Amino acid sequence: MYNQNQSPQPPSYYGQGYNTSVTNQVSAVMRKVYVRMFIGLLISAFCALGVASSPAMIHLIYGNSFVYWGMFIAMLAMAFIIPARLTKMSTTAVILCFCLFAALMGASLGSIFLVYSIGTITSTFFITAGVFGAMSIYGYFTKANLAKIGTYCIMALFGLIIASLVNIFLKSSGLEWVISIVGVLLFVGLTAWDTQYVKRMAEANLEPSMTDKLATMGAMNLYLDFINLFLFLLRIFGGGRD
């Protein structure tokens, strides 16, 4: 007999329906993340090839320290400004900023085609894609909380940056080798952590407009993980041009 003092229980299918809704929401966000990341990589690839195939652009960027460092400072500023102003920017503005960031990154990376052979670049790209894909899948499906790993990786990243700056003056091939190996390990960990972070943000059931912006930020973070992983692997596997 029904007791009026008891709260009615939800139907047995309520929990399942809710979980299905969250799963669909996460899947939709992650699709946007990977599609936008892929678009960013395409933009960077075309810009890098365009710069490498143009003597005028090579001279403009690499022959002019003001232009080169101006691009670097612009990318650094965007990496801090976009997350800080995410709530105030429109979705379109966030996407356009990410595309501009990817274009600047690609232009700055045009020199790899002058240093490494196309075969080395291609093979390293596919190795990077395999490693990145495996770690992103792990980050998505693992039940373990990767927050501590992400924190340690961020802390170690600052040390890696300092070591890289020091090695500009030391020019030690041994230290460069160590930096490359540590860099690969760091961005392998960051790939898994960033993937899990984006997934958990999507599970938070945020308003659609904010979710879309965060999907772009997630794409930018994973894009940077991929690019850095690629560059460190290129240092390890790459010889000079054929």
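Residues numbered from 1 in each chain as written. Predicted model: local features only at pLDDT ≥ 70, side-chain atom pairs only at ≥ 80, totals over all residues. Heavy atoms only, no water.

**Observations concerning the overall build of the chain**
Piece 1. Check the secondary structure of the chain and you find nine helices and zero strands.
Piece 2. What you see in the chain, going N to C, is helices and strands ordered as α-α-α-α-α-α-α-α-α.
Piece 3. Judged by the C-alpha coordinates and their principal axes, the chain covers about 85 × 35 × 30 Å.
Piece 4. Looking at the chain as a whole, 37% of its 242 residues are labelled buried.
Piece 5. Within the chain, contacts between residues at least 6 apart in sequence are counted, and of these 86% link residues at least 24 apart. (Helix = DSSP H or I, 4+ residues; strand = E, 2+ residues; numbered from the N terminus. Buried < 20%, exposed > 50% of the residue type's maximum accessible area, 1.4 Å probe, protein only. Contact = heavy atoms within 4.5 Å.)

**Brief notes about unusual backbone geometry**
Piece 1. Even without being glycine, K171 reaches a positive phi, approximately 55 degrees.
Piece 2. With respect to the helices and strands, the residue K171 is situated in the loop between α7 (147-170) and α8 (173-203).
Piece 3. Classification of K171 by relative accessible area gives exposed; the value is 68%.

**Points about the packing of helix α3 (residues 65-84) against helix α4 (residues 91-108)**
If you want to describe how two helices pack, look at the angle between their axes and the distance between the axes.
Piece 1. Orientation of α3 relative to α4, taken along the N-to-C sense of each, is 150 degrees, at an axis distance of 10 Å. In terms of their interaxial angle, α3 and α4 are classed as roughly antiparallel. With respect to the hand of their crossing, α3 and α4 are arranged in left-handed fashion. Listed contacts from α4 to M71, A74, M75, M78, A79 and I82 of α3 are V94, C97, L100, F101, L104, M105, A107 and S108. (Axes fitted to C-alpha atoms, helices over the stretch in contact; angles between N-to-C directions. Parallel < 35°, antiparallel > 145°, perpendicular 65-115°, else oblique. Left-handed = near helix turned anticlockwise from the far one by under 90°.)

**Looking at the nonpolar core**
Piece 1. Among the nonpolar cores identified, the biggest contains 49 residues, and V33, M37, F101, M105, Y223 and L229 are the most heavily contacted of them.
Piece 2. Every residue in contact with V33, bar those within four places of it in the chain, is listed here: V198, A215, G218, A219 and L222.
Piece 3. The next biggest cluster of nonpolar side chains, apart from the first, holds eight residues, and it includes A48, I112, Y116 and F230. (Core = buried A, V, L, I, M, F, W, Y, C linked by side-chain atoms within 4.5 Å.)

**Digging into the packing of helix α6 (residues 118-141) against α8**
Piece 1. Closest axis-to-axis distance for the α6/α8 pair is 7 Å, and the angle between their directions is 40 degrees. As judged from the angle between their axes, α6 and α8 are oblique. Between α6 and α8 lies a crossing whose hand is right-handed. The residues of α8 that touch α6, namely those facing V131, F132, M135, S136, Y138, G139 and Y140, are V188, T191, A192, T195, Q196 and K199.

**Section: a nonpolar patch on the surface**
Piece 1. Residues Y68, W69, F72, I73, L76 and F80 make up a contiguous nonpolar surface patch of roughly 660 Å² in combined accessible area.
Piece 2. Within the secondary structure, F72 is located in helix α3. (Patch = residues over 30% accessible without salt bridge, like charges linked within 9 Å, V, L, I, M, F, W, Y side chains within 5 Å. Areas by Shrake-Rupley, 256 points an atom, 1.4 Å probe, with all protein chains shown as cover. Salt bridge = Lys/Arg side-chain N within 4 Å of Asp/Glu carboxyl O.)

What is shown is where atoms sit, not what they do.
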